[in-house]
Amino acid sequence: MKKFKLFALAVMAMLGTNAFAAIDSEFIGNNGIRYKITKEYVAASAGVDEQLGFVTVINYGLSETTDAVVIPEIVGNQDATNTDVPTTNRYKVVGINGTETTAVTINAIPVNTTTATQAFKNAKSVSITLPSSLLYIGQQAFEGCQAVTIAVPAGSQLYQIAKGAFANASKLATFDTSNAAWLAKIEEDAFYGCAALTSISLGAKLESIAAGAFVGTKIATLDLSACTLLDGTNGINRLFTGTKDAEYASGLTFGTATKYAAADASNASLTTVVLPTTNADNYAIGANAFDGCTKLATIGATTNTAVINAKVASIGASAFLKTAIKVLDLSANGNITATAAWFSTGNDSKLEQVILKNDVAYTAFTGLASIKTLKKVGIPNAEYALPAKTSVTAGSTPIVAEVFEGTALEQLDLSKIEGDIATLPALFNTTATTPYTSLTAVVLNNQTTAIAANAFARCEQLASLTVKDKDGNAKDLKAIVTINSGAFYRTALNSFTFGAALTTLTSPFAGTDTEADGTTLKAFSTAESISIDLSACTALKT
């Protein structure tokens, strides 16, 4: 038996290994942390250089009252060397294990085990310093950890923060990844419920931030300006709020903690977002990206304005729902050719102005109706004028009925549009119970030939209807061929001069609105008399 032991020790010495060298073997390092081997150590021998093994942290074995934990880059084990800087049987720390039950590799390096262990779950250390060799922080690895700081050292190779990695780490106040030059992925719910987290820095290699990453945090400014690799599909997702009554974005369960998604799905901390502007590829602002961020007023450098730069490929539905943004500036973006339901409507609305790009052929202005605070839609230096390239092709034009219904639009200038609008529809479609009281002036495109029934009906403050060409030169109503029933019912217009082209004038002031007591409302909102000059209308038939 003694001879066998001596033989075994001799073989181990030749192999440069130890009793814990096999993959999936465990050992406790000098710092009291338990590690599991994911790649074996190979000692130097004739013609062969030393090859460090790899390990992942599987258990935080120190006292709960410890003030600080420093995870070394290189660890030995107690069977070989138990010094702070081991000289043999050395392993590089590449991962912190989580709840995954499948292997994870990064650049062919195995960074976790298939045994679910939450290495720092509920740990109470004041600070934890990660090793620069660390590539991966596993699922729920720090769930409930009470650490105040997580330090990422200079030269960090950290690549991925997995789902729920720091979920409900309620005392984590900052997470500075400025040293993590290689951080590419932050997965779902990564910092979910980190109620003390007020800031996070993100670097140039970041490709995606998954849904729910910052739900329940206190982050006030999200600075993505350095993140020049955000991709078009997985760029900026729903980061700060959950979906009411829905599961966590990651599909994981975080103990018995209250779901932030279960209440009103809101975040009252985020005020400012800085987007990257120099990406090689365009990136997406996903659906509900900042939904529920009730104090978010600024995206970019202009206060109370969301400046959507040229690198934004698309904006998903409800991206800015319930935010405090007052101005949406699309004037630098040529990728977005249609507005959508991005903002709150009704009493939740805050948006006051939309600035469009003049040379974009917009095909739809959906999502603007019922934004009751919306006063201005236009282009730079002409805040009420729709863009020159606005599509007027049948089936793809945004100049459709009810497009501005329920808004507070003050003026509407269609004169810059280069195409023939043909028939101007009822853009506001107000009813007797909700007259449109904001619109005061309309400038028509000089190629407009027909005004639809009820086009401006009940726009009670509309007192100016003029015509201009695209260069701003004043024209008249002489090009209009048809004016349909109720087109000017209950407006404040009181003088009209029509030209020779007019062939059809069908009761433009007709209407039957009544007061609550049944009294018929008069056809004109302010004027006692109307002046209509038809003297030039030689082709008038009706």
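Residues numbered from 1 in each chain as written. Predicted model: local features only at pLDDT ≥ 70, side-chain atom pairs only at ≥ 80, totals over all residues. Heavy atoms only, no water.

This part covers the state of the cysteines. Per the counting criterion, the structure on display carries zero disulfides. A disulfide-free cysteine, Cys145 has its sulfur positioned 9.5 Å from the sulfur of Cys194, the nearest such atom. (Disulfide = S-S within 2.5 Å.)

A word on the layout of surface pockets. For the largest pocket, the calculated volume is near 200 Å³. In terms of lining, the largest pocket is formed by 15 residues, of which the most central are Glu405, Gly406, Thr407, Thr434 and Tyr436. Residue classes in the lining of the largest pocket are distributed as three nonpolar, ten polar and two charged. (1 Å grid on protein atoms, 1.4 Å probe; cavity = no way out; pocket = protein on both sides within 12 Å on 5 of 7 lines; lining within 4 Å. Points joined across faces, edges and corners; volume = space filled by probe spheres on them. Nonpolar A, V, L, I, M, F, W, Y, C, P; charged D, E, K, R; others polar.)

What follows concerns the side chain of Lys357. Considering the arrangement of structural elements, one finds Lys357 in the loop between β25 (353-355) and β26 (364-365). Within polar-contact distance, the side chain of Lys357 engages the side chain of Asp359 at 2.7 Å. Each residue touching Lys357, except ones within four places of it in the same chain, is listed here: Leu330, Ser331, Ala332, Asn333, Gly334, Tyr362 and Pro387. (Helix = DSSP H or I, 4+ residues; strand = E, 2+ residues; numbered from the N terminus. Polar contact = N/O pair within 3.5 Å; in protein donor to acceptor, adjacent residues only side chain to side chain. Contact = heavy atoms within 4.5 Å.)

Our focus in this paragraph is unusual backbone geometry. Positive phi values are uncommon outside glycine, yet Ala108 reaches one of about 70 degrees. In this structure, Ala108 sits in the loop between β7 (105-106) and β8 (109-110). Unlike most non-glycine residues, Asn288 shows phi in positive territory, near 60 degrees.

For Asn282, the position within the fold is in the loop between β18 (272-274) and β19 (283-285). Sequence separation of Asn282 and Gly235 is 47 residues, and the distance between their C-alpha atoms is 9.1 Å.

One finds Phe120, Phe166, Phe191, Phe290 and Phe456 to be the most contacted residues of the largest nonpolar core, which totals 123 residues. Of all the secondary-structure elements, those providing two or more residues to this core are β2 (34-39), β3 (53-59), β6 (91-96), β19, β22 (312-315), β30 (441-445) and β32 (464-468). Top contributing element to this core by residue count: β6, with three residues. If we ignore the near neighbours within four places in the chain, the residues touching Phe290 are Leu222, Ile236, Phe240, Leu270, Val273, Ile285, Leu296, Ala319, Phe320, Leu321 and Thr323. Counting residues in each nonpolar core, the second largest holds eight residues, with Phe54, Val111, Leu135 and Tyr136 among its members. (Core = buried A, V, L, I, M, F, W, Y, C linked by side-chain atoms within 4.5 Å. Buried < 20%, exposed > 50% of the residue type's maximum accessible area, 1.4 Å probe, protein only.)

This next bit is on the sheet that holds β30. Strand order in this open sheet of four strands is β28-β30-β32-β33, and the pairing throughout is mixed. Pairing within the sheet leaves two strands with one partner each, and these edge strands are β28 (411-413) and β33 (474-475). As defined by bridge partners, β30 adjoins β32 across five bridges and the pair is classed as parallel. Within β32, the residue paired with Leu444 across the bridge is Val467. (Pairing = 2+ DSSP bridges.)

What follows covers the pairing of β3. When you tally the buried positions in β3, you get six out of seven residues, the bulk of the element. In this structure, β2 lies alongside β3, joined through five bridges in antiparallel fashion. Across the sheet, the residue bridging to Tyr35 is Val57, located in β3. One ladder, built from five bridges, connects β3 with β6; its direction is parallel. Bridging from a neighbouring strand, Val55 pairs with Val93 of β6.

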